[in-house]
Amino acid sequence: MPDVCVFGLGFVGLPLALSFAMRGCRVVGVDVDQALVAELQAGVTHHLESYQGTPIQEILRRELAAGRFRPTTDAAAAMAACDNIIVTVGVPVEDGRHDLGPVLEVSRAIAAGLKPGDLVIVRSTLIPGTTRRDVLPVLEQSGLKAGRDFFLAYSSERIAEGRAFHEFEHMPAALAGLDQASAERAAALLSIVTKAEITLASSFEVVEMAKVMENISRDVDIAMVNEFARFARAMGVDIFEVVRVANTHLRVNLLTPGPGVGGYCLPNALFYLLPRARELGVELELLTTARRVNDAVPSHVAGLALRNLPVPPAQARLAVLGIAMKDYSNDDRVSPALAAIRVLQEAGCQVRAYDPAVPTPHPFKVGSLEEALSGAHGVLILALQEGLPTRGLAAWRPLMAADGTPFIVDTRNAVDRAECEAAGFRLETL
Ligand SMILES: NC(=O)c1ccc[n+]([C@@H]2O[C@H](COP(=O)([O-])OP(=O)(O)OC[C@H]3O[C@@H](n4cnc5c(N)ncnc54)[C@H](O)[C@@H]3O)[C@@H](O)[C@H]2O)c1
């Protein structure tokens, strides 16, 4: 089996590296985060992934013990040991501006150790055009020529966190090589893990663009249903029931509304298209509006809590249940829950949030449901988690503040209205 080097050991890179190791490849994983690498070397990860019932923690320890997976910060040693290189570092977005820094830094590290015959596959989600315009020239600073001395391919990553192992295997992949030989070598490597169809596209740009558009299409779909939710709410109709009924139409597939759109992928996607759109003089009006609609949802959700407060915000205490960017995730990057908490805090409220899956420290986080509920005037359910109950509300009531009627803002359609009202709560839904 081939040797594989995976750059970036995050939500994508770690389960991908382990997917190759599990199938017999010797895998070196490179990351610049020393604390992360030390944790992985010790067999520790907070990810919530599993493969056929085996948790990632067990897979990690097994592959370390078998010597098939080696996490390191030493890019040069990794490059010397492997001929197949996969890039999974991200392109962060801050205030709408993207940063190619990590991708360029990895490209330089690869160039420094690139050998004739090596294969480089970029799997990061990129601004369309990046592989050819930015990555390729940096790799060629090695003195080797792409297509003649080394192989270069781009294959988008489509997994959803929480289903990574399954989707690496079963999600159809899209791939483009710089030339036919690059595409063939890349397809052969990917098919060690991917059993689904691998679609070969005519250029890097097609696959890069398809990936960004896949993400934006979900962002737009969610914005649409979030707007439908406002309308349904004003009509006094339950949007979740509307979605259920609409989806009985064979050609309609509405998503469900929520507290906003979070994570690394969907909120960033528009900002991967905008720079090139500006360069090319193309208006992206609908896509920009959808992003703005989704960005505004956390404030709307916070508003649902603020208008129910029985006391001025400065005297109010609120419990937030779930801060992950989506249900059953440990990832709180760009989480709408964090945005809603910010709005509540800026209004003067004291917030205590409980999420048993998210490891990130936050000053407002507490260690138990009871601590979050204690003395609170209301509860916001912003993400579901194992170990975060949404039943047994009668037991919550005595923990809550005594002044006024406590309320629950349920953005996940998780609470039973009859139970909620019987327990003495007012229920607010989207
Ligand atoms: N998270 C997802 O569900 C998902 C799904 C599909 C595609 N993607 C895409 O995959 C890519 C990775 O996403 P992620 O969620 O795994 O990100 P992540 O932040 O979890 O992981 C990226 C890792 O790269 C490391 N890194 C940064 N610079 C480096 C360098 N110079 N050398 C080595 N390592 C470096 C970081 O320390 C981090 O551990 C992104 O492009 C993302 O858009 C993510």
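See above for the structure.
Described below are features of the structure shown in this document. Every value quoted in this text rests on a predicted model; they were computed, and no experiment measured them.

## With respect to the packing of aromatic side chains
- With the rule as written, the count across this model stands at two aromatic pairs.
- A centroid spacing of 6.4 Å and a plane angle of 85° characterise the contact between Trp396 and Phe425, whose relative ring orientation is edge-to-face. Separated by 29 residues along the polypeptide, Trp396 in the loop between β15 (378-381) and β16 (407-410) and Phe425 in the loop between α15 (417-422) and β17 (426-429) bring together distant segments of the chain.
- Given a relative accessible area of 3%, Trp396 falls into the buried group.

## Things to note about the environment of Ala153
- Looking at the element boundaries, Ala153 is found in strand β10 (residues 151-155).
- A relative accessible area of 0% means that Ala153 is categorised as buried.
- If sequence neighbours within four positions are ignored, Ala153 has contacts with Val120, Ile121, Val122, Leu175, Ala176, Gly177, Ser182, Ala186 and Phe204.

## A few points about the sheet that holds strand β9 (residues 119-122)
- An order of β5-β2-β1-β6-β9-β10-β11-β12 is seen for the eight strands of this open sheet, with the pairing classed as mixed. Edge strands, defined here as strands with exactly one partner in the open sheet, are β5 (69-72) and β12 (198-200). Each strand of the sheet is rotated relative to its neighbour by a mean of 20°, with strand direction disregarded.
- As judged from the three bridges shared by strand β11 (residues 173-177) and β12, these two strands associate in the parallel manner. Bridge pairing in β12 links Ala174 to Thr199.

## Examining the nonpolar core
- Counting residues in hydrophobic clusters, the biggest one holds 48 residues, and the most contacted among them are Phe7, Ile85, Ile110, Leu114 and Val120.
- Here the element with the most residues in this core is helix α11 (residues 266-280); it accounts for seven residues.
- Apart from the residues within four sequence positions on either side, Leu114 is in contact with Met79, Ile85, Val120, Leu139, Ser142, Leu144 and Phe150.

## Some details on the pairing of β16
- Residues Phe407 and Val409 point to one face of β16 and Ile408 and Asp410 to the other, with burial holding for every one of them.
- Examined bridge by bridge, β15 and β16 share four bridges and lie parallel to one another. Residue pairing in the sheet places Ile381 in a bridge with Asp410 of β16.
- Here four bridges tie β16 to β17, and the two strands are oriented parallel to one another. Counted as the bridge partner of Ile408 is Leu427 from β17.

Parameters and conventions
Residues numbered from 1 in each chain as written. Predicted model: local features only at pLDDT ≥ 70, side-chain atom pairs only at ≥ 80, totals over all residues. Heavy atoms only, no water. Phe/Tyr/Trp six-rings, centres within 6.5 Å; stacked < 30°, edge-to-face > 60°. Helix = DSSP H or I, 4+ residues; strand = E, 2+ residues; numbered from the N terminus. Buried < 20%, exposed > 50% of the residue type's maximum accessible area, 1.4 Å probe, protein only. Contact = heavy atoms within 4.5 Å. Pairing = 2+ DSSP bridges. Axes fitted to C-alpha atoms, helices over the stretch in contact; angles between N-to-C directions. Core = buried A, V, L, I, M, F, W, Y, C linked by side-chain atoms within 4.5 Å.

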